[in-house]
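# Per-entry structural report
Listed below are the residues making up each chain.
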Amino acid sequence: MSATLTETTLRITGLSKTFPGTRALIDASLEIRPGEVHALIGQNGSGKSTLIKTLAGYHRADSGAVAEIGGEPFAIGHDVPDGLRFVHQDLGLVLELNAMDNLALRGGFISGAAGRIRWRAQEEETYRLLDRFAVELDIHRPLAEATPVQRTVVAIIAALQGWQGGEGVLVLDEPTALLPHEEVERLFAMVREVKRAGTSVLYVSHRLDELFEIADRVTVLRAGRVVTTLPMAEVDGRGLASLMVGADVDPDYRAPVATRPDAPVVPSMRDVHGRRLRGVDLDVHRGEILGIAGLAGAGMPELPYVIAGCSRFPATGRIRLAQRSDEWLDVADAASLGIPIVPADRAREAIVAEFGVGENLSLSILDRLGSRGKLALREERAVIDHWTRELGIVTAGPDALISTLSGGNQQKVVVARCLVREPELLVLSEPTAGVDIGTRVAIYDLIARLARGGLTVVVSSSDLGDLLAMCTRVVVLRNGRVGAELGADGLTEHALVRAMEEDEGGNREHDERS
């Protein structure tokens, strides 16, 4: 039956999922209408990921669940109808391969006689698929060199291959988690194009402000249960946050932290150049939370890795930690300073999925725990227990696999791994990517508390909410240089966006790149 002839494209009722000791979903229901963008939100651990993974056939549902798509029943958790397509948060791409190969891995290579690949026809088909979304991309370059939004485009196109439109549901799980501010609207344009073709979209996101721009209705999960489903027009940001958490939460929360312009400088950087950086100078004061902002191509994602001495690209310039020494080091040797970083891509760069919570937390100080190559297990357990309590990490125990934790608790483990080294400077890149509003506020409060205790923090984020919530000062990169600086008194979203979009002559930039 065509989805356009039914009231509901996707209907799920009575969906439960039990893991040992945990009921992740309890009698959940979901209805998605034809051609609508339906948001699914909830705190980390609310059951969103379990619902999506069950829908994708990764988890088996408990008995009693009923599901149908386009009026046709299917065994949820066992069968995945062709009318369901998924773009998961990690995108499922092979970054070492180019766009053409990644799309062909999903849709198949075009072959001729004797099974030989018809490369010219394959190129033409790849460009045809990309043209639908008006995206310019060198299809012969590895996707590792593409922008985040370009990679997201390829993942969406790969998921939609073979679809004629007008039926089915495209599931987008945290599609903007790592997208820069200015590229989110480009993704929205793609989502609207999918919607115009009659395809429904199930949109999972922690960025509540996005939902008011793109979603028609929203379903809220809390503790494995559906709290409500309602039109976006009937709720505001504070109301959504409160429904998620079960208590009043301010989505525009700002952590209590004071500026310290007279405090001594901790890190200094001079004339730093890199892949995108074109001569960055920075001084950050003790106890300050300095934000780094900038449009795509300005160098914002690169700078935190240069500071921590782990950039993937060659860098030049000088860096100094004045409290340790008056001598300047080449930034190429910054790793010797031992500056810890919470990296942007938690799954790829931070956690070891096969390790337990405790093992992930203590990785950074194994050389201090024990002697003569023997690990002092009792001392390690004491450290793990202390930081688990200190950061409020919710886990079944230190031996539980870190992959069983919610995204917010995984992030806390990564932060704890940095703090256990007792650093004087902490670098954060995209600290709340894929983290719910309640955990965001907890992270903001934690960083503010650490800064009040004297820790110096540098935060690089494409989520302006992070910078507004906890930074005492924000520097804006333009064309690889510091183009503007905003103090706490003048730090508003409007002022920050304006500073990011102005060119060096004070004019607003119009970026036409895709």
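Conventions used here
- Residues numbered from 1 in each chain as written.
- Predicted model: local features only at pLDDT ≥ 70, side-chain atom pairs only at ≥ 80, totals over all residues.
- Heavy atoms only, no water.
- Axes fitted to C-alpha atoms, helices over the stretch in contact; angles between N-to-C directions.
- Helix = DSSP H or I, 4+ residues; strand = E, 2+ residues; numbered from the N terminus.
- Parallel < 35°, antiparallel > 145°, perpendicular 65-115°, else oblique.
- Left-handed = near helix turned anticlockwise from the far one by under 90°.
- Contact = heavy atoms within 4.5 Å.
- Nonpolar A, V, L, I, M, F, W, Y, C, P; charged D, E, K, R; others polar.
- Buried < 20%, exposed > 50% of the residue type's maximum accessible area, 1.4 Å probe, protein only.
- Arc of directions from axis to C-beta.
- Salt bridge = Lys/Arg side-chain N within 4 Å of Asp/Glu carboxyl O.
- Pairing = 2+ DSSP bridges.
- Patch = residues over 30% accessible without salt bridge, like charges linked within 9 Å, V, L, I, M, F, W, Y side chains within 5 Å.
- Areas by Shrake-Rupley, 256 points an atom, 1.4 Å probe, with all protein chains shown as cover.
- Polar contact = N/O pair within 3.5 Å; in protein donor to acceptor, adjacent residues only side chain to side chain.
- Lys, Arg positive; Asp, Glu negative; His and termini not counted.
- Charge placed at Lys NZ, Arg CZ, Asp CG, Glu CD.
- pLDDT = per-residue confidence, 0-100.
- Core = buried A, V, L, I, M, F, W, Y, C linked by side-chain atoms within 4.5 Å.

### Focus on the packing of helix 12 (residues 407-419) against helix 13 (residues 437-452)
- Two elements in contact, helix 12 and helix 13, have axes separated by 10 Å at closest approach and are oriented at 15°. It follows from the interaxial angle that helix 12 and helix 13 lie roughly parallel. Every pair of crossing elements has a handedness; the one defined by helix 12 and helix 13 is right-handed. Counted together, Gly-408, Gln-411, Lys-412, Val-415 and Leu-419 of helix 12 and Thr-439, Ile-443, Leu-446 and Leu-450 of helix 13 form the full contact between these two elements.
- Across the contact of helix 12 with helix 13, the residue classes break down as five nonpolar, three polar and one charged.

### As for the side chain of Gln-411
- Positionally, Gln-411 belongs in helix 12.
- Setting aside residues up to four positions removed in sequence, Gln-411 forms contacts with Val-342, Arg-346, Glu-430, Pro-431, Thr-432 and Ile-443.

### Side note on helix 15 (residues 493-501)
- For helix 15, every residue scored as buried is listed here: Leu-496, Val-497, Ala-499 and Met-500. Each buried residue of helix 15 sits inside an arc of 160° when the element is viewed along its axis, so together they form one side.

### Observations concerning the pattern of salt bridges
- For the coordinates displayed, the defined rule picks out 20 salt bridges.
- Asp-283 serves as the salt-bridge partner of Arg-270, at 3.0 Å between the closest nitrogen and oxygen. With a gap of 13 residues between them, Arg-270 in strand 11 (residues 265-273) and Asp-283 in strand 12 (residues 278-285) connect regions that are remote in the sequence.
- According to the relative accessible area criterion, Arg-270 is partly exposed, its value standing at 24%.
- One salt bridge connects Asp-345 with Arg-348, and the closest N-O pair in it is separated by 3.6 Å.
- One network of salt bridges, with partners in common, ties together Arg-207, Glu-210, Arg-440, Asp-463 and Asp-466.

### Notes on the sheet that holds strand 15 (residues 329-330)
- Ordered by their spatial adjacency, four strands build an open sheet running 12-11-14-15, and the pairing between neighbours is antiparallel. Strands at the two margins of the open sheet, each flanked by one partner only, are strand 12 and strand 15.
- Sheet topology note: the strand 14 (residues 316-321)/strand 15 ladder contains two bridges and is antiparallel. Each bridged residue has a counterpart across the sheet, and for Arg-318 the counterpart in strand 15 is Asp-330.

### Details of the environment of Val-415
- When you line up the elements, Val-415 lands in helix 12.
- Along the chain, Val-415 and Leu-426 lie eleven residues apart, while their C-alpha atoms are 9.1 Å from each other.
- Every residue in contact with Val-415, bar those within four places of it in the chain, is listed here: Val-342, Leu-391 and Leu-446.

### Details of the sheet that holds strand 1 (residues 10-19)
- Read across the open sheet, the four strands follow the order 2-1-4-5; overall the sheet is antiparallel. Where the open sheet ends on each side, the last strands, each with one partner, are strand 2 (22-32) and strand 5 (72-74). Each strand axis lies, on average, 30° off the axis of its neighbour in the sheet, ignoring direction.
- Both strand 4 (residues 66-69) and strand 5 contribute to a ladder of three bridges, which runs antiparallel. Considered in strand 5, the bridge of Ala-67 is made with Phe-74.

### A closer look at a nonpolar patch on the surface
- A surface patch of nonpolar side chains, about 420 Å² in accessible area, is lined by Val-94, Leu-105, Phe-109, Ile-117 and Trp-119.
- You can see Trp-119 is positioned in helix 3 (residues 119-131).
- Judged by its relative accessible area of 42%, Trp-119 falls in the partly exposed class.

### Focus: the environment of Arg-141
- Relative to the elements of secondary structure, Arg-141 occurs in the loop between helix 3 and helix 4 (148-160).
- The class for Arg-141 is partly exposed, based on a relative accessible area of 43%.
- Along the sequence, Arg-141 and Met-100 sit 41 residues apart, while their C-alpha atoms lie 9.2 Å from each other.
- Residues in contact with Arg-141, not counting those within four places in the same chain, are Leu-97, Asn-98 and Ala-99.
- Reaching out from Arg-141, the side chain makes a polar contact with the side chain of Glu-145 at a distance of 2.8 Å.

### A short note on a positive patch on the surface
- Together, Arg-275, Arg-276, Arg-278 and Arg-312 give the surface a local cluster of positive charge.
- Tracing the chain through its elements places Arg-275 in the loop between strand 11 and strand 12.

### Brief notes about the confidence of the model for the chain
- Considering every residue of the chain, the mean pLDDT works out to 86; 93% of them sit at 70 or more.
- Scored below 50 in pLDDT, residues 1-6 makes 13 contacts in the model with residues more than four places away or belonging to other chains.

### As for unusual backbone geometry
- In this model, Asp-27 sits at a positive phi of 50°, which is unusual for a non-glycine residue.
- Note on placement: Asp-27 falls in strand 2.
- Asp-27 sits in the exposed class, given a relative accessible area of 51%.
- In the Ramachandran plot, Glu-174 falls in the positive-phi region, its phi being about 50° despite a non-glycine side chain.

### A word on the nonpolar core
- Counting 52 residues, the largest nonpolar core has Ile-447 and Val-476 as the members making the most contacts within it.
- The leading source of residues in this core is helix 13, at seven residues.
- The contact partners of Ile-447, leaving out residues within four places of it in the chain, are Ile-289, Leu-426, Leu-428, Val-457 and Met-470.

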